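Spelled out from the first residue to the last, the chains are:
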Amino acid sequence: MTLAKSKSSVGSGVPLEPPATTEPDEEEDGMSDIIQAVTGLIWSHDLRVQEVRRLLQSSRPVRVNVVQLPEVSDHEYIEEKENKLLQLCQRTMALPVGRGFFTLFSYQPVPTDPLPLPKLNLTGRAPPRNTTVDLNSGNIDVPPNMTSWASFHNGVAAGLKIAPASQVDSAWIAYNKPKSPELANEYAGFLMALGLNGHLTKLATLNIHDYLTKGHEMTSIGLLLGVSSAKLGTMDMSITRLLSIHIPALLPPTSTELDVPHNVQVAAVIGIGLVYQGTGHRHNAEVLLSEIGRPPGPEMEYCTDRESYSLAAGLALGMVCLGHGSNLIGMTDLNVPEQLYQYMVGGHRRAQAGASRERHKSPSYQIKEGDTINVDVTCPGATLALAMIYLKTNNSAIADWLKPPDTWFLLDFIKPEFLLLRTLARSIIMWDEILPNAEWVKSNMPQIIRESVDPLEDINVETMTQVQDYITAGACLALGLRFAGSANSDAFDCLYEFARTFMKNMFFASTPAVTGYYNLQTGLSMILLAMSMVMSGTGNLKVLQLCRFLHKRTGGEMNYGFHMAHHMALGLLFLGGGRYTLSTSNSAIAALLCALYPHFPAHSTDNRYHLQALRHLAVLAAEPRLLVPVDVDNLKPCYALLEVTYKKTRWYDETTIELMAPTLLPELHLLKRVKVKGPRYWELSVDLSKDTQHLKSILSRDGVLYVKLRAGQLPYKDDPQGWKSLLASTVNQRNSGVQAFKPEAISTFTSEPALISFAKFFCKTSEDNNFRADSLLLFSAMLYECVTQECPEMLPTYIAIEQAVRAVSRGDLLQTFPLWQLRLVVELWNSRVMRGPAKHHDALLTSEFLPVMKNMVDVALDTWLKGNSSVLRSYLRGEALPKSALSTMLACFLVYRSIPCLRHTHIQLEGCRSLGDLLSRSSQMGVPVRDLLRLAPVLLGSASGPQFLQSVPLQAF
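Because the structure is a prediction, the values reported are computed rather than measured.

Participant: I'd like to hear about helix α12 (residues 306-320), residue by residue, with values.
Facilitator: A rise of 1.5 Å per residue sets the reference length of α12, with its 15 residues, at 21 Å; its end C-alpha atoms lie 21 Å apart and thus fit the reference within 8%. Along α12, 15 of the 15 residues are buried, which leaves the element largely enclosed by surrounding structure.

Okay, here's the thing in structure tokens:
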């Protein structure tokens, strides 16, 4: 798996490729495939993505800054530098877990190239001479196999970059197999990552067998967890057989004993939980329930790291029965909740049944526990199993089992860590009662702590402060799970205040001495992870600042596990480069409980309480919810205003909010509708009340939503306030929109070739045309109408109307058909106007152009009538007319004024003595009133005409 650089990146038909970086060493940090075209829009005002890359890179030497005091010899100085480097390496080795979350699904590999693997650089540079410092000199003691798990995490981080839609087959997976045994741990992590992104199903069975027979522990762990994740909840029998070989409890009692490493057994147990997630499988549930309390032995077996195995069995049992609550069909005889409660609080061990009794007949030679349950081993797994079985059921009876004791005496008998787990478990069982405020967090405290403490009472202050801190941390973690991926501002503000409180307590002289630095740091890490879950994918600046502050702290008790927690929080905060966030489905909560178990390793080889590989299972809770508008004309990401409508729930009514995309959408089951809102872009609505599959398919394909910019509008990036758009620029002028419109700027607002050519040849004064100023203004009005009303196809109609009107004005119109067409258009426009503004917006021909044209025709026909009234009178009397140009204009007048042929009617308009008489006769002939008013001066005689014309404003008609 050599270093290689592929130029492909995620994109479904959209060129969202990241630009080439300028510094050559940035190509090797494993984070160069983040789509900068999208992140540049999401976080356009700062360089937070570059800062995250700097914090998570592990490919460059760290700076080892140690000042040599005068009394320190050179040899001691070298040892000081190497000890400092060893502290810094604890942080470097913890970085890949966070980097895997940050670069999640951001890369599409080329089938002919190996996967690029960033280097895990554990060397340093010492100023001022920039000399190299490493850990291989032998001056200090370095733990054996210190980098094994760090290399595994590095391989997982590299593999998680591969997008689910990539072309990956069995040959390419085998092609990446390293030639050097030093890279075996990276390849083991790579296999696990392929399972998490769904590609390991393509690996041939023969290859799986080949990997497992090699006996490499890391490879077995990665492969078992990978294939189990890829077959999540399927009950696949071939994978079940594969996992059962590694779990003695699932083998027949007469089977050959296999020497399976302890960590591989832990991975296999979790694998059973993944493959049978949510199925309620009776046999597996029974075996896992007994494995939580598995006694040590026989003989020298199962004597070390028992806590991680019991925890794995509890987590697996919780996944198998996930969310079933009291509906565990066929398991009533197992008394699952009662047995788990006994594992939590202790008591006499129940007799083993069947094959387990035979297996544990021989006692352990190392550990003597007797007949009582060791709650230090069984409590964490049992607590979380109970929480996952009754997840979101709001079962108050089970939740009451998990309440902290209400007396100081009983509180002294419970480890503070277990109080954290109990608070977490109780809260996620009572899911609907979790509220995003400090009052709810404090309500989880026992009554004796909430009340004022009696100074005369003998109270252990250390117990009290630790109980408060751990219960607060557990409640905050539950709050983070409840609002994961929601960016809920109330939840974030609540968690941020508790984080500030813990930070203050850590830096006061007295508080750490009482509570203990480790306990405060554990609580702070849990609250930080909770904040990152709530703000997952948003890149919140406050959380980033807190992560950066903790990144710089490398001395004292800041160990490998705390660094892992802080950088996991950083990775979740920028999950998938801002394209992914966390779900709150039952499956997602189970994955997060496995990944964020609140006991982090003390050093890089520590798997006593929790298998480190499980930290990557948080990927199973990630879902794509970033909606990226892409301009359909230039195929570039852009900003667009969204209107998001929430469904009505018990906590709030139907609510509509506005978001500026690209943005992370809320969980789709909470939404009723998502709409692209104007006026910049054409409106587009997705109804989620009936089906969410359409939007899910959009989000799974990089979230690309194609939008069309309206003509006359500029993108939000070029015009954030909307002050430069075509319509806004006309409002800012005192003249009308047509007069303020500048045709030479047309290419900024539309890409229609016909409109651009029309502006070039007809709307500008040049040597090639000799149009008058009024003609240029009229052409500009046509263009303005077409652009602002988004109707370029109406330009030929505008031109035809203009030509007909000019021919009437000149008196050389050869036929009446164009004028009749204009009359129909004017009538249509008038009817739309009469129906009001609400019905006026969909007219094709609007605003300024048509009234101007109508007025020009009215002026031309009125002028003709004034000089040729005798011709009209002759026509009305039925007299013969001369065949001349006057007859053509008469025809135009009669057609436009809707006057019928009088030869075919007995009604005569001539000789009317009053306006009422004229209106009565014309109504029978169907002549419109406004046209009749134009004829009134002729029909009523010259005496009454002028006075009538003075009393009626003809322009109004």
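Participant: Please provide a residue-by-residue account of the packing of helix α7 (residues 205-213) against helix α8 (residues 217-230), values included.
Facilitator: The contact between α7 and α8 brings their axes to 9 Å, and the two run at 145°. Taken as a pair, α7 and α8 cross one another with a handedness that is left-handed. Residue-level contacts link I208, Y211 and L212 of α7 to T219, S220, L223 and V227 of α8. Per-class residue counts for the contact of α7 with α8 are five nonpolar, two polar and no charged.

Participant: Explain empty space enclosed by the protein residue by residue, including any values.
Facilitator: Per the counting criterion, the structure on display carries eight cavities of 30 Å³ or more. As a volume, the largest cavity reaches approximately 110 Å³. Residue assignment for the lining of the largest cavity shows that the elements contributing at least two residues are α12, α15 (375-389) and α18 (416-429). Among the elements that line the lining of the largest cavity, the one with the most residues is α18, at three residues. Broken down by class, the residue content of the lining of the largest cavity amounts to seven nonpolar, one polar and four charged.

Participant: Tell me what's going on with the pairing of strand β10 (residues 671-676), and back it up with residues and numbers.
Facilitator: As paired elements, strand β7 (residues 640-646) and β10 share five bridges and run antiparallel to each other. The residue bridging Y646 from the neighbouring strand is L671, located in β10. Where β10 meets strand β11 (residues 684-687), four bridges bridge the pair, whose relative direction is antiparallel. Each residue of the ladder has a partner; that of K675, found in β11, is S685.

Participant: Report on the packing of aromatic side chains, specifying residues and quantitative values.
Facilitator: Under the definition given, this model contains 13 aromatic pairs. Relative to W401, the ring of Y341 lies with its centre 4.9 Å away and its plane at 45°, an arrangement referred to as tilted. Here W401 lies in helix α16 (residues 396-401) and Y341 lies in helix α13 (residues 336-345), a separation of 60 residues in the sequence. Look at Y341 and you get partly exposed, because its relative accessible area is 31%. Classification of W401 by relative accessible area gives partly exposed; the value is 27%. Ring geometry for F492 against Y496: centres 5.7 Å apart, planes inclined by 25°, an arrangement best described as stacked. Taken together, the positions of F492 and Y496, both in helix α22 (residues 489-507) and four residues apart, correspond to about one turn of that helix. Here the two residues F492 and Y496 agree in accessibility, since each one is buried. Ring pairs connect the aromatic residues W172, Y187, F190 and Y211, which therefore count as one cluster. The side chain of K392 reaches across the aromatic face of W431, ending 4.7 Å from its centre.

Participant: Any details on the packing of helix α21 (residues 461-482) against helix α24 (residues 517-534)? Residues and values, ideally.
Facilitator: Relative orientation of the contacting elements α21 and α24 amounts to 15°, with a least axis distance of 8 Å. One way to sum up the angle between α21 and α24 is to call them roughly parallel. Here α21 and α24 pass one another in a crossing that is left-handed. Contacts from Q466, D469, Y470, A473, C476, L477, L479, G480 and L481 in α21 reach Y518, N519, L520, T522, G523, M526, I527, A530, M533 and V534 in α24.

Participant: I'd love a proper account of the environment of P679, names of residues and values included.
Facilitator: Following the sequence through the fold, P679 ends up in the loop between β10 and β11. Residue P679 is classed as exposed on the basis of its relative accessible area of 52%. The spacing of P679 and L709 is 30 residues in sequence and 9.1 Å in space, taken between C-alpha atoms. Contacts of P679, omitting those with residues within four sequence positions, involve R710 and Q713.

Thresholds, definitions, all that
- Residues numbered from 1 in each chain as written.
- Predicted model: local features only at pLDDT ≥ 70, side-chain atom pairs only at ≥ 80, totals over all residues.
- Heavy atoms only, no water.
- Helix = DSSP H or I, 4+ residues; strand = E, 2+ residues; numbered from the N terminus.
- Expected span 1.5 Å × (residues − 1).
- Buried < 20%, exposed > 50% of the residue type's maximum accessible area, 1.4 Å probe, protein only.
- Axes fitted to C-alpha atoms, helices over the stretch in contact; angles between N-to-C directions.
- Left-handed = near helix turned anticlockwise from the far one by under 90°.
- Contact = heavy atoms within 4.5 Å.
- Nonpolar A, V, L, I, M, F, W, Y, C, P; charged D, E, K, R; others polar.
- 1 Å grid on protein atoms, 1.4 Å probe; cavity = no way out; pocket = protein on both sides within 12 Å on 5 of 7 lines; lining within 4 Å.
- Points joined across faces, edges and corners; volume = space filled by probe spheres on them.
- Pairing = 2+ DSSP bridges.
- Phe/Tyr/Trp six-rings, centres within 6.5 Å; stacked < 30°, edge-to-face > 60°.
- Lys NZ or Arg CZ within 6 Å of the ring centre and 35° of its normal.
- Parallel < 35°, antiparallel > 145°, perpendicular 65-115°, else oblique.

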